[in-house]
Amino acid sequence: MNKQPIIMKTLLVLSVLVLINILGLRFFHRFDLTENKMFTLSHASKDLVSSLDDKFTVKAYFTSDLPPEYANNRRELMDLLDEYRAYGGGNFQYEFIDPGKKEDLEMEAQKYGIPPVQVQVLKEDKLQIEKAYMGMVFLFGDKQERVPVIQSTSNLEYEISSAVKKMTTAELKKVGFLTGHGEPTLEQISRLQEILAKQYQVTTVDLSNGSAVPPDIAVLIIAAPVQPLKSWEKFLIDQYLMKGGKIAFLINKVSATLQTQYGQPVNVDIDDLLESYGVRINTDLVRDVSCAYVMVDQQAGFMVLRNQIPFYYLPRASDFLKTSPIVKDLSSVVFYFASSVDTSLARAKGLNASVLVKSSTRSGRQENVFMISPNMQVTEQMFAESGIPLVVTVEGAFPSAFGNKPISIDTSFKGTLDSANRQVIGKVSKIVVVGDGDFIQDQYSGGNRDNFFLASNLTDWLADDIGLAEIRSRESGLKPLEEVSEGTKTWAKIVNLGVPPLIVIVVGIVRWRIRVASRKRIETRGY
């Protein structure tokens, strides 16, 4: 037998495999079949890492022989770092270090702020508690950032890219939160502050002394004031916008709580500003069939049961403007007693308004009297509206809300106000308007991550820095189920309950008939 053709074919196959491996090392590619490319490095991350002009190092401190759930995190992190290195042009490097029982490596990890954690390990059919390391540190020049413990891989790309951006940026932009009118403190919006701090310097802005909004504030956020703004404060905000500043107006028009189950209008005296900028927040409350649930006590005979029921005045919005990078990958945002936003004034002022978030196809509005009990009786007419605007952006050259109008100054004003050099027509700029100032607060968000992703994405857009929002939004939670009619739900129940038993019955009858026919054939042949 001639073995030469077999040897030649074997050598040819081996040569092809070697060539494929060489090409795979030189030309990196990953096939990702998920809808929003969860396992593919985003364009923003590729651009960021390819623009590195110096060595950026990642040290991952991971204990070997971890339980499977943690070992998977290690493998996924390594795959992701491989992808960063492939696009880093030699400037992005990483190494995995197992501190093990080596005291010097443990001290090194802890010097970088990577603490040991306790994990349960199954050994010899016994659960044991062991010490492990599962963190990483980023090094760039004399700067360093860290992720102390990697508990999930769901937001790793954002953690890495935001660290690269923060460490390679010479000076971070500033985001200022207006204070002095009962707004929530930075501690009350700690989750949002934590996200923003990865890319910005987060600070507060106080206008009570008559000083202008600092020119280094890239974005001014006015969130949930409860006391009216003074005339001179509005003038300073107006002139900040005229000079090209960017503003987010997150305003409550109705003050309501779950405890009182009653709401009343709030006047923070900002309507004239917003109307000059082409928008109006209506004094109403939006109700929606797509909503969050609350726990209430309900009487059942002699017992009081605590049940979870839908509360229509906590809309769970999932109708987003899919062409906008700000919201296109979000799942749902829960609002806390939100008011509708009217954009009808924008076009006449030459401004471009876009509705980013709307209510569902079964929604409505409560006006005048705000009785908001979760146990209220509802009718179909209460949910006859569709697509009520909840979050709006406006762009263009805004006209001043003051023009040549006088500025009222009362005895509480202690500073000096330069109103002689006011600007009447502003530079091209942009604003965000939301009829809810509480959705960014920790206690009112319901733990919904998309609330904070929406707020941070809006901030990125205002700061002309929308790139990483693409990554952050991809890390959002599960997609909510699409709302269907009661008739569709009934048919689905009938099909789910009736079809499986019917299939079993049909299969049983068919098998019985086959066996009867087979028995008759055997009897006919005389066996």
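How each quantity is defined
Each chain carries its own residue numbering, running from 1 in the direction its sequence is written. For a predicted model such as this one, the threshold for reporting local features is a pLDDT of at least 70, and the threshold for listing and counting side-chain atom pairs is 80 or more; totals across whole chains, interfaces and linings nevertheless cover every residue. Excluding hydrogens and water, the side-chain values take into account all heavy atoms of the structure. In this text, helices come from DSSP runs of H or I with a minimum length of four residues, and strands from runs of E with a minimum of two, each type numbered from the N-terminal end. As defined in this context, the radius of gyration uses C-alpha atoms, and a globule is described by 2.2 Å times the residue total to the power 0.38. Exposure categories follow from relative accessible area, calculated using a 1.4 Å probe and restricted to protein chains: below 20% of the type maximum is buried, above 50% is exposed, and the middle band is partly exposed. Contact criterion: two residues are considered in contact whenever any of their non-hydrogen atoms come within 4.5 Å of each other. Surface exposure here means Shrake-Rupley accessible area, sampled with a 1.4 Å probe, where a residue is shielded only by the protein chains that are shown. This count recognises Lys and Arg as positive and Asp and Glu as negative, with His and chain-terminal groups excluded. Just so you know, the charge point we use is NZ for Lys, CZ for Arg, CG for Asp and CD for Glu. Think of a nonpolar core as a cluster: buried Ala, Val, Leu, Ile, Met, Phe, Trp, Tyr and Cys residues, connected wherever their side-chain atoms sit within 4.5 Å. Within 6.5 Å between ring centres, the rings of Phe, Tyr and Trp (the latter by its six-membered ring) count as paired, and their orientation is classed by plane angle as stacked under 30 degrees, edge-to-face over 60, tilted in between. Here, patches come from residues exposed beyond 30% relative accessible area and free of salt bridges, joined within 9 Å for like charges and within 5 Å for nonpolar side chains (Val, Leu, Ile, Met, Phe, Trp, Tyr). Salt bridges are identified by distance alone: a Lys or Arg side-chain nitrogen within 4 Å of an Asp or Glu carboxyl oxygen. In this analysis, strands are considered paired if DSSP registers two or more bridges between them. Structural elements are reduced to axes, namely lines fitted to C-alpha atoms, with helices fitted over the stretch in contact, and the angle between N-to-C directions of any two is expressed from 0 to 180 degrees. Expected span of a helix, by definition, is 1.5 Å for each gap between consecutive residues, and there is one gap fewer than residues.

**A few points about the overall build of the chain**
Then step 1. A count of helices and strands for the chain gives 11 helices and 24 strands.
Then step 2. Its C-alpha atoms give the chain a radius of gyration of 30 Å, clearly above 24 Å, the size a compact globule of 527 residues would have.
Then step 3. Seen through its principal axes, the chain has C-alpha atoms that stretch 110 × 70 × 50 Å.
Then step 4. A burial count over the chain gives 44% of its 527 residues as buried.
Then step 5. Within the chain, residue pairs in contact and separated by at least 24 positions form 75% of the contacts whose partners lie at least 6 positions apart.
Then step 6. A total of about 28,600 Å² of accessible surface is found on the chain, and carbon and sulfur atoms cover 54% of it.
Then step 7. The distance from the centre of the 59 positive side-chain charges to the centre of the 61 negative ones in the chain is 8 Å.

**Let's talk about the nonpolar core**
Then step 1. Counting 43 residues, the largest nonpolar core has Phe335, Val391, Phe439 and Leu454 as its most contacted members.
Then step 2. Secondary-structure elements contributing two or more residues to this core are strand E7 (173-178), helix H6 (190-196), strand E9 (217-223), strand E10 (246-250), strand E20 (352-358), strand E23 (389-399), strand E24 (425-434) and helix H9 (449-462).
Then step 3. In terms of residue count, the dominant contributor to this core is H9 (7 residues).
Then step 4. Not counting chain neighbours up to four residues away, the residues in contact with Phe439 comprise Leu250, Val333, Val334, Phe335, Val434, Ser445, Asn451, Leu454 and Ala455.
Then step 5. The next biggest cluster of nonpolar side chains, apart from the first, holds 38 residues, and it includes Leu207, Ile237, Val341 and Ile431.

**Looking at the packing of aromatic side chains**
Then step 1. One pass over the full model with this rule turns up 16 aromatic pairs.
Then step 2. Here the aromatic rings of Tyr312 and Phe383 are separated by 5.1 Å at their centres, their planes lie at 65°, and the arrangement is edge-to-face. Here Tyr312, found in strand E16 (residues 303-317), pairs with Phe383, found in the loop between strand E22 (370-371) and E23; they are 71 residues apart in sequence, far enough to count as distant.
Then step 3. What makes Tyr312 buried here is its relative accessible area of 18%.

**Focus on a nonpolar patch on the surface**
Then step 1. A cluster of nonpolar side chains, contributed by Ile7, Met8, Leu11, Leu12, Val13, Leu14, Val16, Leu17 and Ile20, occupies part of the molecular surface with about 860 Å² of accessible area.
Then step 2. With relative accessibility at 42%, the residue Val16 sits in the partly exposed group.

**Some details on the pairing of strand E14 (residues 284-288)**
Regular strands show a simple pattern: their side chains alternate between the two faces of the sheet.
Then step 1. Burial analysis of E14 places 5 of its 5 residues in the buried class, which makes it a mostly covered element.
Then step 2. The two faces of E14 match: Asp284, Val286 and Asp288 on one face and Leu285 and Arg287 on the other face are all buried.

**Thoughts on the sheet that holds E7**
Then step 1. Spatial ordering of the open sheet is given by E8-E7-E9-E10-E24-E23-E20-E17, a layout of 8 strands whose pairing is mixed. Of all the strands in the sheet, just strand E8 (200-205) and strand E17 (319-320) have a single pairing partner and so form its edges.
Then step 2. The pairing of E7 with E8 spans 6 bridges and is classified as parallel. The residue bridging Lys173 from the neighbouring strand is Tyr200, located in E8.
Then step 3. Its contacts with the sheet place helix H7 (residues 231-242) against E7, E9, E10, E23 and E24, and it is angled at close to 115° to E24.
Then step 4. Each of E7, E8, E9, E10, E20, E23 and E24 is contacted by H9, which is oriented at about 175° to E24, the strand it contacts most.

**Description of the sheet that holds strand E2 (residues 92-97)**
Then step 1. Pairing in this open sheet of 4 strands is mixed, and the strands run E2-E1-E5-E6 from one edge to the other. Each edge of the sheet is formed by a strand with only one pairing partner; in this case those strands are E2 and strand E6 (143-147). Within this sheet the neighbouring strands show an average axis-to-axis angle of 15°, counted without direction.
Then step 2. The sheet contact formed by strand E1 (residues 56-62) and strand E5 (residues 134-140) spans 6 bridges and is antiparallel. Within the sheet, the bridge partner assigned to Tyr61 lies in E5 and is Gly135.
Then step 3. Against the sheet, helix H5 (residues 156-168) makes contact with E1, E2, E5 and E6, and its axis sits at roughly 25° relative to E5, the strand it touches most.

**Description of the environment of Pro67**
Then step 1. With respect to the secondary-structure elements, Pro67 resides in the loop between E1 and helix H3 (68-87).
Then step 2. C-alpha separation for the pair Pro67 and Val121, spaced 54 residues apart in sequence, amounts to 6.2 Å.
Then step 3. Setting aside its immediate chain neighbours within four residues, Pro67 contacts Gln120 and Val121.

**Concerning H7**
Then step 1. Counted at 1.5 Å a residue, the expected span for H7 with its 12 residues is 16 Å, and the 16 Å between its end C-alpha atoms agrees.
Then step 2. The buried fraction of H7 is high, at 12 of 12 residues.
Then step 3. All buried positions along H7 are accounted for by Ser231, Trp232, Glu233, Lys234, Phe235, Leu236, Ile237, Asp238, Gln239, Tyr240, Leu241 and Met242.
Then step 4. In the segment just after H7, Gly244 is the residue with positive phi, at about 100°.

**Comments concerning the side chain of Asp288**
Then step 1. Along the chain, Asp288 falls in strand E14.
Then step 2. The buried charged residue Asp288 lacks any salt bridge partner; its closest oppositely charged side chain belongs to Arg362, at an N-O distance of 7.6 Å.
Then step 3. Setting aside anything within four residues of it in sequence, one finds Asp288 in contact with Tyr312, Pro315, Ser359, Ser360, Arg362, Ser363 and Phe383.

**Thoughts on unusual backbone geometry**
Then step 1. In the Ramachandran plot, Phe337 falls in the positive-phi region, its phi being about 55° despite a non-glycine side chain.
Then step 2. With respect to the helices and strands, the residue Phe337 is situated in the loop between strand E18 (333-334) and strand E19 (341-342).
Then step 3. A positive phi angle is found at Asn368, which is not glycine, with a value near 70°.
Then step 4. Secondary-structure assignment places Asn368 in the loop between strand E21 (363-367) and E22.

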